[in-house]
Structure formats: structure tokens, C-alpha cells
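Geometric and topological summary
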Amino acid sequence: MTNQISPLLQSVEFDAEGFMTDPNAWTPEIGSAIAQALGITLTDRHWLVINFARQEFAATGQPPTLRKITKSTPVDTKEIYQLFPGGPAKTAARIAGLGKPTGCI
Amino acid sequence: MKTLLILGAGTGGTMTANQMARHLDPTEWKIIIVDRDENHYYQPGFLFIPFGIYTSGDVIKPKRNFLPPQVEMIFSDIELIEPDENRVRLTRQNRVIHYDYLVIATGTHLVPEETPGMVDGGWRKNVFDFYSVDGATALNRFLKFWKGGRMVVNVVEMPIKCPVAPLEFIFLADWFFHQRGIRDKVEIIFATPLPGAFTKPRASAILGNMLSERQIRLESEFNIMEVDAGNNLIRSYDNREIPYDVLVTVPTNMGADVIERSGMGDELNYVPVNKHTLQSQRWENVWVIGDASNAPTSKAGSVAHFQLEILIENLLRHMEGLDPLPKFDGHANCFIESGFEKGILIDFNYDVEPLPGKFPLPGFGPFSLLKESPVNHWGKMMFRWIYWNVLLKGEEMPFESQMSMAGKWS
Ligand SMILES: Cc1cc2nc3c(=O)[nH]c(=O)nc-3n(C[C@H](O)[C@H](O)[C@H](O)COP(=O)(O)OP(=O)(O)OC[C@H]3O[C@@H](n4cnc5c(N)ncnc54)[C@H](O)[C@@H]3O)c2cc1C
């Protein structure tokens, strides 16, 4: 997190790894601010992923896996790595204000 | 006459058939089990084939030998499951089976085609898997005459069955090349999508150390995009390239295609279950054992065995109109071969991370948890005998199905 931190984020609570502690406190504006802090400017393609992640979370209580995202949205694996560099499922969950996706066993 | 239908006669299905045959009255119940393959594979043994410790003959036996006579075994592909109709369609003679209870034990399988370039050009020439008999045998032929070079071991994506097997492969390879006197001519690299050597942080730290002690390079968070067989290199989504002389891959693991065809699976074709009761989340007469479910624990034979007792009890309770008991705690354990006739045992569940300590096995123990010792190696080698002679019959094992904290240091 090097880029400018929006004042909007000052009242938002994050855990030690930078995930929002309360998904209900999230708004699209907060999402954009988190993305900006991560050096990502959100496009329509990003929002496809973020909105899907929010929907999935509302339905299942879990952020979606990478495979679930690429299977359910028009964004394929190659593109999602470009949109959300690093770990795409993790980064998307962070911007969507969700908890850390549970690791695999 | 009522029908209990079991799909898949691997580790989980075979154990379930054996146990249920003991509990159900044959004048009231018919037990049918279906599998496409007449052979039963002892999959943990695949690991030893590349190094000539086992041959394919050591790990294959006829399925029929492990099932009691009152169980009807049908060899056929399963075409479709229709859970709303309590019905399963088989390919063979278009047979249709109506069931009262269904146990799904169709496991997980390899899908190398998921990675572009994997099955082109180099497949089974200098690109091998060791999660199948054919792959492990082909790799054995290759390694026998290999003079050395760069070996890259890659896990394509998680989850995979037996998540420690790639590390065991590496430890055994290190030992094997030492024995052959060519260890100094072999570079070994482990490229994994995980942030470290293993999934659980404590075990990961210890196993990571064991890699560096053996001069094995760990390339973490490597998410493979493609195998470039023309140039003998693998490329990740973030454009890292790793050249190889031989690539040993653990391809994408997925649940059976029939689960997808039947609209019963998640994005990897695993059947959603209640992780504590093993009952399907959607159909109350459908139950799942072993690798086929989405329960968030390791996909391993030991897990299927820990699930067995709970599955049997819950099936019998449900048949009597009682509620299932939420007793499965995600218990998993694994003997890890670390080469030079040593091994490690790790043991964990949904909530408890692998702990250092001794594992109490009445009559067998103690096996050291997370510490290399020769006893653990013999534990693994002995396990093949236990698997064929005790485990598949669903008999009592010297393990408890709910994790016992005795003997562990916390
Ligand atoms: C290299 C390797 C090492 C391992 N080491 C260990 C270890 O040390 N310890 C450990 O506990 N576990 C280990 N395992 C994992 C263990 O072998 C599996 O987790 C276990 O066998 C799973 O049992 P299962 O019944 O769920 O599936 P399986 O035993 O794989 O059985 C599934 C069955 O379903 C059948 N089937 C699937 N689809 C269809 C269809 N459409 N029609 C008909 N039949 C179908 C298949 O033919 C198969 O027989 C290892 C696995 C591998 C590959």
C-alpha cells in the first residue's frame, strides 16, 4: 500500500492483513478507495468481478474462489491476473470488502 | 426390497460397502456398487513407482477381492445421477437403478488438459505425472537412465489429493539421485501456487526448512499459465518462466465428470455436503465419502477412513428416522516420506494445526509428529499391507476417527 490513502478509508476497520472486518460497512466508493490504495484503477471489467464476489458472499457467506469467478463471469484466468495482480481472488476479495478467502488444505 | 447404491468402488466406496453389508438385513436391503474399472489401485503406492521401490503389480488388485459376496458389483460407467428421481443411469446396457439411499464415492481425477500445452509434445516424454500408474511407470523408465539436469516439480492448482505427496516425491527424488551418485548433477525446483511448502503454516515452516537443507529451490505463488513444450519451460500468469529438462506435474484435480453432468457439483465438480455429517446439502438420501465431497479437509485415504464410522452411523440413524450426528471434525493425517528411510507424520483437523509430538498408535506407536524418524518411514511402508488387509474391509484401524489430543504437545 504505497499510493495515496483516501480519507474515506480512515473510518473503515481492517484486519492485520488488510481485509475489511465488516463486509456490511462496504460501499462501492470504499471499494474504489481500497483499489486506489493498492494502485489499481477500477474498470468495468474489475466491477464484473467485484460485483460477482459480493453476490457470492451474500449467497454463501464465503468469497468465491478464482475458479468460481472465472467460471461465472466473462473474465478468464489470464485477464483476472492482469486486472488484479498478485493473488487475484485475494485482491478482489480485499477490494470487495470481504474477508480473506479460506486457503486450501 | 430397498436399495443402497454406492457410486465408485475405490477406497471410500469399498469400505462403505463392506461396513453396510454387515449392518443391513439382506432380506430387506440390496447393496449395489458401481465402478468403471475392474482394478483397485493403492494410490499412495504410486509415489514409490518412479524410484523403482514398487512396480505397478504392487499397487493393483482386482476390486472384486475386496467386496463381500452379498454386494452386487456392476462394472460400468455412470452416465447420469438424477437425485430428484432417486435414479442413476449406467452406460452398460442402459441400465437404470432406483435407489433409496445413495452414497457417492467417485473420488477426484487428473485433468492435465486444463493447462495449455501440458499434453502437447512433451507428455510422458519429459513431462510426467506420478498421480496415475501409467504416469508413475513412464517416469520410472525415464529416471532409470537419466544422467541429470534440471527437474521441476509443479503443482498446477489447489486442492489436490494428498497435498503432501509432491513434497514426498521431492524428498524421495533427492534420496534417489544421491543413491545413484548424481545428486550434484541434478537441480530440483519446486514450483507451487501456495505461499510456502505446504498449506498449514506450522507444517509449512518445518517442511520449507527440509527443502532448503536439501538444496531444493522453492518457487512459491507460482500459478502456471502454460507449458511451453517447444522451449521446455513453464510460464506463470505473472510471466515468470522456469525452464526444465524434466517436468513432474500434479495436474488440476477435479471431481468426476458425472457429477458435473448431473448438475450436482461446485466449480471443481465436488458435491457440497454438510462438513460435519457428510450428508448432501440438497438431497437428504444422498451422502458423500472421500475425495468426492467439498468438505474443507485434505483429500486423502486417511480422511475417507476417518469419515467412514461417522457416515455409517449417520446412514443407519437416518434409516431409523433419527437426525444425523455432526461428528466429523475434518481429521486428516499423513505419513510423509522424507527419503533415506525416514518419515514424518502430520495430524490435523478443521480447527487444530499440525502439532509437534508423538502420535499414539496402540500396538504400533509412537510415531513422531512433524519430526523425521525411521519409525515413520516403516509406518508408510507397513501401510500398504494395512490398506489391502484391514482398511478396505472397513475394519478397526489403530487410529481414532476423532482426533485425539493425547500425546501431542500444544
Ligand atoms: C500419489 C498419491 C499418493 C497418495 N498418498 C496418500 C497417503 O499417503 N495417505 C493417504 O491417506 N492418502 C493418500 N493418497 C490419496 C488417496 O489415495 C485418496 O484420497 C483415496 O483413494 C480417495 O478415496 P475415494 O474413495 O474418495 O476415491 P478413489 O479411491 O479414487 O475412488 C473413486 C472411484 O470412482 C470411480 N469412478 C469415478 N467416476 C466414475 C464414473 N463416471 N463411472 C464409474 N466409476 C467412476 C473410479 O474408477 C474410482 O474407482 C494418495 C494419492 C495419490 C494419487
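Details of the packing of aromatic side chains
Per the stated rule, a full pass over the model turns up 17 aromatic pairs over all chains. Between tryptophan 26 of chain A and tryptophan 47 of chain A, the aromatic rings sit 6.4 Å apart at their centres with planes inclined by 55 degrees, giving tilted as the arrangement. In this pair, tryptophan 26 of chain A is assigned in the segment before α1 (28-37) and tryptophan 47 of chain A in helix α2 (residues 44-60), connecting sequence segments 21 residues apart. According to the relative accessible area criterion, tryptophan 26 of chain A is buried, its value standing at 12%. With a centroid separation of 4.7 Å and 20 degrees between ring planes, the pair formed by phenylalanine 130 of chain B and phenylalanine 169 of chain B is classed as stacked. With a gap of 39 residues between them, phenylalanine 130 of chain B in the loop between β11 (127-128) and α3 (133-144) and phenylalanine 169 of chain B in helix α4 (residues 165-179) connect regions that are remote in the sequence. Aromatic ring contacts, followed pair by pair, group Phe51, Phe128, Phe130, Tyr131, Phe142, Trp146, Phe169, Phe176 and Phe177 of chain B into a single cluster. One cation-aromatic arrangement involves lysine 61 of chain B over tryptophan 388 of chain B; the distance from NZ or CZ to the ring centre is 5.3 Å. Over the ring of tyrosine 270 of chain B we find lysine 299 of chain B, and its NZ or CZ is 3.9 Å from the ring centre.

As for helix α7 (residues 301-319) of chain B
All names here are of chain B. Taking 1.5 Å per residue, 19 residues should reach 27 Å; α7 reaches 26 Å between its end C-alpha atoms and fits that length. Leucine 308 marks where α7 bends most, by close to 35 degrees. Downstream of α7 by one or two residues, glycine 321 has phi in the positive range, about 80 degrees.

Here we look at the domain arrangement of chain B
Interface size is commonly expressed as the accessible area that is lost once the parts come together. Residues and elements named next belong to chain B. As assigned here, chain B comprises domain 1 (2-107 + 256-319), domain 2 (119-252) and domain 3 (332-391). Look at where the C-alpha atoms of domain 1 and domain 2 centre, and you get two points 31 Å apart. Each partner contributes to the interface: domain 1 provides 18 residues, whereas domain 2 provides 22 residues. Summed over the shared surface of domain 1 and domain 2, the result is zero salt bridges. The interface formed by domain 1 and domain 2 holds four residue pairs in polar contact (both at pLDDT 80 or more) in total. Grouping the amino acids of the side of domain 1 that touches domain 2 by side-chain chemistry returns 12 nonpolar, four polar and two charged.

Structural notes on unusual backbone geometry
Trans peptide bonds make up the majority, and among non-glycine residues the majority have a negative phi. Residue and element names in this part refer to chain B. Geometrically, the link from methionine 158 to proline 159 is a cis peptide bond, its omega value of 0 degrees lying close to zero. For proline 159, the position within the fold is in the loop between β12 (149-155) and α4. The phi dihedral of asparagine 86 falls on the positive side, at around 55 degrees, and the residue is not glycine. Tracing the backbone shows asparagine 86 in the loop between β6 (78-82) and β7 (87-90). Positive phi, normally seen in glycine, also occurs at arginine 124, with a value near 60 degrees. Turning to its location among the elements, arginine 124 is positioned in the loop between β10 (108-110) and β11. Here arginine 124 falls in the partly exposed class, since its relative accessible area comes to 30%.

Considering the interface of chain B and chain A
Counting from both sides, the interface comprises 20 residues of chain B and, opposite them, 10 residues of chain A. Taken together, both faces of the contact between chain B and chain A bury some 1300 Å²; the carbon and sulfur share is 58%. Along the contact surface separating chain B from chain A lie three salt bridges. The salt bridge partner of glutamate 114 of chain B is arginine 67 of chain A, with a shortest N-O separation of 2.6 Å. Taken together, the residues of the side of chain B that touches chain A sort by class into nine nonpolar, five polar and six charged.

Thoughts on the sheet that holds β6 of chain B
Residues and elements named next belong to chain B. Pairing is antiparallel in the open sheet, where three strands are placed in the order β6-β7-β8. Looking at strand neighbours, the two that pair on one side only are β6 and β8 (96-98), the edges of this open sheet. Averaged over neighbouring strand pairs, the angle between their axes works out to 20 degrees when direction is ignored. In this sheet, β8 lies alongside β7 in antiparallel orientation, the contact comprising three bridges. Among the inter-strand pairings, valine 88 is bridged to a residue of β8, identified as isoleucine 97.

Considerations on the sheet that holds strand β15 (residues 224-228) of chain B
All names here are of chain B. Ordered in space as β15-β16-β17, the three strands form an open sheet in which the pairing is antiparallel. Sheet topology places β15 and β17 (241-243) at the edges, where each strand pairs with a single neighbour. Geometrically, the sheet is characterised by an average inter-axis angle of 20 degrees between neighbouring strands, direction not taken into account. Judged from the three bridges that link them, strand β16 (residues 233-236) and β17 form a sheet pairing that is antiparallel. Its bridge partner being in β17, leucine 233 is matched across the sheet by proline 243.

Thoughts on the packing of α4 of chain B against helix α5 (residues 201-213) of chain B
All names here are of chain B. Here α4 crosses α5 at 25 degrees, and the two axes come no closer than 11 Å. Considered as vectors, α4 and α5 are oriented roughly parallel to each other. Where α4 crosses over α5, the two elements pack in a sense that is left-handed. Every residue of α5 that contacts α4 at Leu167, Ile170 and Phe171 is listed here: Leu207, Met210 and Leu211.

Some details on the pattern of salt bridges
Under the counting rule described, the total for this entry stands at 24 salt bridges over all chains. Where glutamate 17 of chain A meets lysine 100 of chain A, a salt bridge forms, and the shortest distance between an N and an O atom there is 2.7 Å. Placement of glutamate 17 of chain A in the segment before α1 and of lysine 100 of chain A in the segment after α5 (88-95) is noted, with a sequence separation of 83 residues between them. Overall, the relative accessible area of 40% leaves lysine 100 of chain A in the partly exposed class. Notably, a salt bridge pairs glutamate 187 of chain B with arginine 150 of chain B, separated by 3.4 Å at the nearest N-O pair. Residue glutamate 187 of chain B is located in strand β13 (residues 186-191), and its partner arginine 150 of chain B is located in strand β12; the two are separated by 37 residues in the primary sequence. Look at glutamate 187 of chain B and you get partly exposed, because its relative accessible area is 35%. Through salt bridges with shared partners, one network takes in Asp174, Arg183, Glu213 and Arg214 of chain B.

Conventions used here
- Residues numbered from 1 in each chain as written.
- Chains lettered and ligands numbered in written order.
- Predicted model: local features only at pLDDT ≥ 70, side-chain atom pairs only at ≥ 80, totals over all residues.
- Heavy atoms only, no water.
- Phe/Tyr/Trp six-rings, centres within 6.5 Å; stacked < 30°, edge-to-face > 60°.
- Helix = DSSP H or I, 4+ residues; strand = E, 2+ residues; numbered from the N terminus.
- Buried < 20%, exposed > 50% of the residue type's maximum accessible area, 1.4 Å probe, protein only.
- Lys NZ or Arg CZ within 6 Å of the ring centre and 35° of its normal.
- Expected span 1.5 Å × (residues − 1).
- Bend = angle between axes of the 7 residues up to and from the residue.
- Domains from an automatic or database assignment.
- Contact = heavy atoms within 4.5 Å.
- Salt bridge = Lys/Arg side-chain N within 4 Å of Asp/Glu carboxyl O.
- Polar contact = N/O pair within 3.5 Å; in protein donor to acceptor, adjacent residues only side chain to side chain.
- Nonpolar A, V, L, I, M, F, W, Y, C, P; charged D, E, K, R; others polar.
- Buried area = accessible area lost by both parts, 1.4 Å probe.
- Pairing = 2+ DSSP bridges.
- Axes fitted to C-alpha atoms, helices over the stretch in contact; angles between N-to-C directions.
- Parallel < 35°, antiparallel > 145°, perpendicular 65-115°, else oblique.
- Left-handed = near helix turned anticlockwise from the far one by under 90°.

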